[in-house]
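Structural characterization, general
Each chain, written out:
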Amino acid sequence: MNNLLCLMFHSIDKDNLAHRYAIAEHLFDEFVKNIKKKSYYSIDTRDLNNNIDNAAIHLSFDDGAVSDLEIASKILLKHKLKATFFVTTSYIGTPGYMTWGQVQELKQKGFDIQSHSHSHKLLATLSKKEIVQDLKMAKNMIEQKLGSPVEALSLPGGSINRKVLEAALQTGHKYIFTSVPKLNIFSQGNVFHRILIKQNTKVDNLKKILVMDERYLKKEQNKYYIRKAIKAIITPKIYHYFWKKYYKDKVNN
Ligand SMILES: [Zn+2]
């Protein structure tokens, strides 16, 4: 039984940290150096069919921010690390996000491009038919534009239920990535949990994550479930509205 550590990032900023999930470039560089120090080798979703051992790490970037190409890819290449970029197709070409040309450039650099849905709506709030439509649209667009298969899906806002899982599998996604901060027992199915690295993640915290410190991870899980409970109380739609408003406003500044 192997543990696979999956880390989840969003945008990386040079100086002004507009989005609460954005991390500073120097900090990202520091994180990457620590990952290398631990002798991890990185995999992307195209390696998931192969044998994976404890030394593997999966790095992913959600949403498709322009910093994926302009900052993240450069630092990753410098340190010879692979990564998966999950793009939201309706965001492509809008302010703060990559254009299709830039997504293609990222692919040409060897990176793995997969789906983060079309609309970024919380999928569990939609009907099965709507989920299927949304996921199909994103998958088809990426496959047509890039000419490479989309087999992995990162769930917007980590929103998941049985309907979402069924729709994801039905539309040809083999691997589903959540936002639950847990380790993955690799032999258990095709759902992968990811630990969110955000603005207030300190290098010391990352070091704890990299040694899979159980106490730290448990604390992160508790925080995640509390946030989820709050979301459930105020209804996911309202939560998402505020989250998106905050996010868009900041990114567009
Ligand atoms: Zn997202």
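Values in this document were obtained by computation on a predicted structure and should not be read as measured data.

**Topic: the packing of helix α4 (residues 128-146) against helix α5 (residues 162-170)**
- Put simply, α4 and α5 touch, their axes get as near as 9 Å, and they point 40° apart. Regarding the angle of α4 to α5, the classification is oblique. α4 and α5 meet at a crossing whose hand is right-handed. Residue-level contacts link K128, I131, V132 and L135 of α4 to K163, V164, A167, A168 and Q170 of α5.

**Overview of unusual backbone geometry**
- Although it is not a glycine, S117 adopts a positive phi angle of roughly 80°.
- Structurally, the position occupied by S117 is in the loop between β7 (112-115) and α4.
- What makes S117 buried here is the crowd of 28 C-beta atoms within 10 Å.
- Notably, M212 is not glycine yet its phi reads approximately 55°, a positive angle.
- Looking at the secondary structure, you find M212 in the loop between α6 (203-210) and α7 (214-233).
- You can call M212 partly exposed: it has 13 C-beta atoms within 10 Å.

**Considering the environment of E166**
- Position of E166 relative to the elements: it lies in helix α5.
- Taking the number of C-beta atoms within 10 Å as the measure of exposure, E166 has 13 and is therefore partly exposed.

**Here's the deal with the nonpolar core**
- Counting residues in each nonpolar core, the largest one holds 51 residues, and the members touching the most others are C6, L7, F9, F85, V87, I113 and I197.
- Per-element accounting of this core gives the leading share, 5 residues, to strand β1 (residues 3-9).
- Ignoring sequence-local partners within four residues, the contact set of V87 consists of G64, I92, V103, I113, H116 and I142.

**Looking at the pairing of strand β6 (residues 84-87)**
- Neither face of β6 is left uncovered, since the one carrying T84 and F86 and the one carrying F85 and V87 both have all their residues buried.
- Relative to β6, strand β5 (residues 56-63) runs parallel, the two being bridged by 4 bridges. Residue F61 lies in a different strand from β6, and its bridge partner there is F85.
- Taken together, β5, helix α2 (residues 67-78) and β6 constitute a β-α-β crossover, and its handedness is right-handed.
- Relative to β7, β6 runs parallel, the two sharing 4 bridges. Among the inter-strand pairings, T84 is bridged to a residue of β7, identified as D112.
- A crossover connection joins β6 to the parallel β7 through helix α3 (residues 100-108); in handedness this β-α-β unit is right-handed.

Cut-offs applied
Residues numbered from 1 in each chain as written. Predicted model: local features only at pLDDT ≥ 70, side-chain atom pairs only at ≥ 80, totals over all residues. Axes fitted to C-alpha atoms, helices over the stretch in contact; angles between N-to-C directions. Helix = DSSP H or I, 4+ residues; strand = E, 2+ residues; numbered from the N terminus. Parallel < 35°, antiparallel > 145°, perpendicular 65-115°, else oblique. Left-handed = near helix turned anticlockwise from the far one by under 90°. Contact = placed C-beta atoms within 7 Å. Buried ≥ 20, exposed ≤ 12 C-beta atoms within 10 Å, placed from the backbone. Core = buried A, V, L, I, M, F, W, Y, C linked by C-beta atoms within 7 Å. Pairing = 2+ DSSP bridges. Right-handed = clockwise from strand over helix to strand, strands pointing away.

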